[in-house]
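Below, each chain spelled out in residue letters.
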Amino acid sequence: MIGFDEALALIQREVAVLPARTCAAPDAVGLVLASDVCSGEDLPPFDNSAMDGFALRIGSEPLAVGAELDVAGAQAAGDTHAIATSGAWEIMTGARLPDGLDAVIPVEQVEVLVRDGADRPLRIRTTAVVEPGQHVRLRGEDVRTGACILKAGTRIEAPQLMLLAALGVAQVRVRPAPRVALLTTGRELVDDPTRTLASGEIRNSNGPYLAQRVRDAGAQLVLRETVSDDADAFLAALQRALAAGAEVVLSTGAVSMGRYDFVPDALRRIGACLHFHKVRIRPGKPLLFASLPGGQLYFGLPGNPVSSAVGLRFFVEPALRVLLGLAPERALRVPLAAAFNKRAALRFHLKGGLELDQHGQLQARVLPGQESFRIAPMAQANCWIVLPDTAASPAAGAMVDVYGLGHWLPPQLDEVMT
Ligand SMILES: Nc1nc2c(c(=O)[nH]1)N[C@H]1C(S)=C(S)[C@@H](COP(=O)(O)OP(=O)(O)OC[C@H]3O[C@@H](n4cnc5c(N)ncnc54)[C@H](O)[C@@H]3O)O[C@H]1N2
Ligand code: MOO
């Protein structure tokens with residue numbers, strides 16, 4: 001049986017980054033940039049006012065209180081380039097600063113001495129000191145033309161979209177979302193939640209969980225089916241998955257030692273190359289990884305719910321990261337809240353609670369109910385705690401590796417536990 005690192009290396013050897021494509025910026029939300037994005041414009045595109053008030057020319061020295069100036073013009077947001085030769089200009093927030101002016105005094109800091117018939121200010125007196133350059137937002141102060149604003153590997157979300165929009169970037173190069181198919185196997189599985197369970201049946205919980213996690217991980221689910229414990233039915237579903245364009249096929253169940261654990265043999269029958277079957281981990285030991293004749297990747301995840309979740313998180317997600325052009329993840333290092341008795345020389349993946357101790361410092365707690373059939377603690381966990389196969393039982397306070405529930409779901413403290 002191989003260890004986790006060896007298994008991961010075998011996966012990484014078989015996976016290559018997906019070819020980049022160009023798409024409109026708004027369609028890139030949820031996708032990963034394939035190339036750096038550089039700005040073709042300055043942001044802001046022109047010097048402008050940060051306040052409603054009056055633009056002045058004061059040079060490099062502060063202007064003392066009590067200065068009196070004639071108002072020579074007015075400038076609102078959207079007004080074109082203007083040239084100021086003398087005095088003050090009434091100016092609105094976001095308005096282009098007239099050439100020749102270099103500071104803005106807010107309207108609250110002036111006294112209007114004279115107004116015209118339309119109530120426009122004609123002459124003002126300053127009631128506060130004006131500092132050089134105050135309340136002016138300079139051209140390119142946020143982003144300069146040519147600056148690299150987003151790095152390859154960045155996931156496009158609303159803030160990135162805001163920046164692309166602000167700079168007039170219409171198209172970006174992205175990695176497509178990997179296409180994933182999910183086959184849940186087992187004649188005991190019931191998908192319809194309204195159906196009463198017959199004797200021996202259970203509800204299919206892996207299907208909805210993994211489908212959501214696949215999407216959370218940045219992939220596209222192109223097919224999801226439940227198949228009975230029948231190799232021919234399974235292979236027919238596999239063909240449908242490939243016809244749907246799946247680049248990665250996941251199955252749950254039927255990879256262990258039982259009479260109906262048909263997945264490994266069925267894959268061999270169609271000429272798949274099995275890279276490994278069984279890894280020194282808990283839970284999820286009977287995990288299988290293969291390449292299909294068409295080059296697609298196949299992950300046979302064990303059927304126990306937590307085992308399938310661990311398989312997705314620690315084997316499939318690293319493969320998705322390679323497809324997306326992302327570097328491997330790194331763990332958070334957090335002290336363990338209480339000692340944990342690690343009874344086997346396996347790599348453990350534990351349902352964890354990231355919490356604050358009485359000093360407000362982070363600690364990771366192994367939740368009760370670690371067996372791989374226990375689903376209830378999955379809904380309590382806010383992280384995974386990982387103990388390497390080589391490590392002995394960790395004491396309280398020992399530093400351990402902590403991972404988010406998904407590679408794009410960082411560990412979150414939903415509520416403070418003490
Ligand atoms: N003699 C041995 N028996 C088992 C071994 C072993 O080494 N020797 N390994 C155990 C381990 S570890 C695991 S994990 C499981 C893996 O079994 P399979 O992948 O073959 O999965 P199944 O037998 O089909 O199912 C296991 C378990 O999970 C339930 N299940 C399956 N699919 C779903 C689903 N979609 N939703 C909810 N629950 C599901 C299924 O009913 C079983 O209870 O094998 C051990 N046995
Ligand atoms: O390790 Mo299996 O994954 O016990 O449930």
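Residues numbered from 1 in each chain as written. Chains lettered and ligands numbered in written order. Predicted model: local features only at pLDDT ≥ 70, side-chain atom pairs only at ≥ 80, totals over all residues.

The protein has the name Molybdopterin molybdenumtransferase in an unreviewed UniProt entry, where Thermomonas beijingensis is given as its organism. Listed in UniProt under the heading Pathway (unreviewed entry), the comment for the protein reads: "Cofactor biosynthesis; molybdopterin biosynthesis." Checking UniProt for the protein, the heading Catalytic activity (unreviewed entry) contains the comment "adenylyl-molybdopterin + molybdate = Mo-molybdopterin + AMP + H(+)". (UniProt positions renumbered as here; feature names shortened; annotations may be inferred.)

**Q** Can you help me understand the site of ligand 2 in this one?
**A** By nearness alone, every residue bordering ligand 2 is listed as Arg282, Pro283, Gly284, Lys285, Pro302, Asn304, Ser307 and Ser372. Tallied by class, the residues present in the shell around ligand 2 amount to 2 nonpolar, 4 polar and 2 charged. (Near = placed C-beta within 6 Å. Nonpolar A, V, L, I, M, F, W, Y, C, P; charged D, E, K, R; others polar.)

**Q** What is the right way to look at the packing of helix H1 (residues 4–14) against helix H6 (residues 305–323) in this model?
**A** Packed helices, taken two at a time, are described by the angle their axes make and the gap between the axes. For the pair H1 and H6, the least separation of the axes is 10 Å and the interaxial angle reads 35°. H6 is crossed by H1, and the crossing has right-handed handedness. Of H6, the residues touching H1 (which contributes Ala7, Leu8, Ile11 and Gln12) are Phe315, Pro318, Ala319 and Val322. Grouping the constituent residues of the contact of H1 with H6 by class yields 7 nonpolar, 1 polar and no charged. (Axes fitted to C-alpha atoms, helices over the stretch in contact; angles between N-to-C directions. Helix = DSSP H or I, 4+ residues; strand = E, 2+ residues; numbered from the N terminus. Left-handed = near helix turned anticlockwise from the far one by under 90°. Contact = placed C-beta atoms within 7 Å.)

**Q** For this particular structure, what's the right way to read the site of ligand 1?
**A** Around ligand 1 sit 27 residues, and of these Asn206, Gly253, Ser256, Pro302 and Gly303 come closest. Looking at the shell around ligand 1, the elements that each hand over two or more residues are helix H3 (206–216) and H6.

**Q** What exactly am I supposed to notice about the sheet that holds strand E2 (residues 32–33) here?
**A** In a beta sheet, neighbouring strands are held together by backbone hydrogen bonds and run either parallel or antiparallel to one another. In space, the 3 strands of this open sheet follow the order E1-E13-E2, with antiparallel pairing throughout. Each edge of the open sheet carries a strand with a single partner, namely strand E1 (21–24) and E2. The sheet contact formed by E1 and strand E13 (residues 171–175) spans 4 bridges and is antiparallel. Along E13, the bridge assignment pairs Ala24 with Gln171. (Pairing = 2+ DSSP bridges.)

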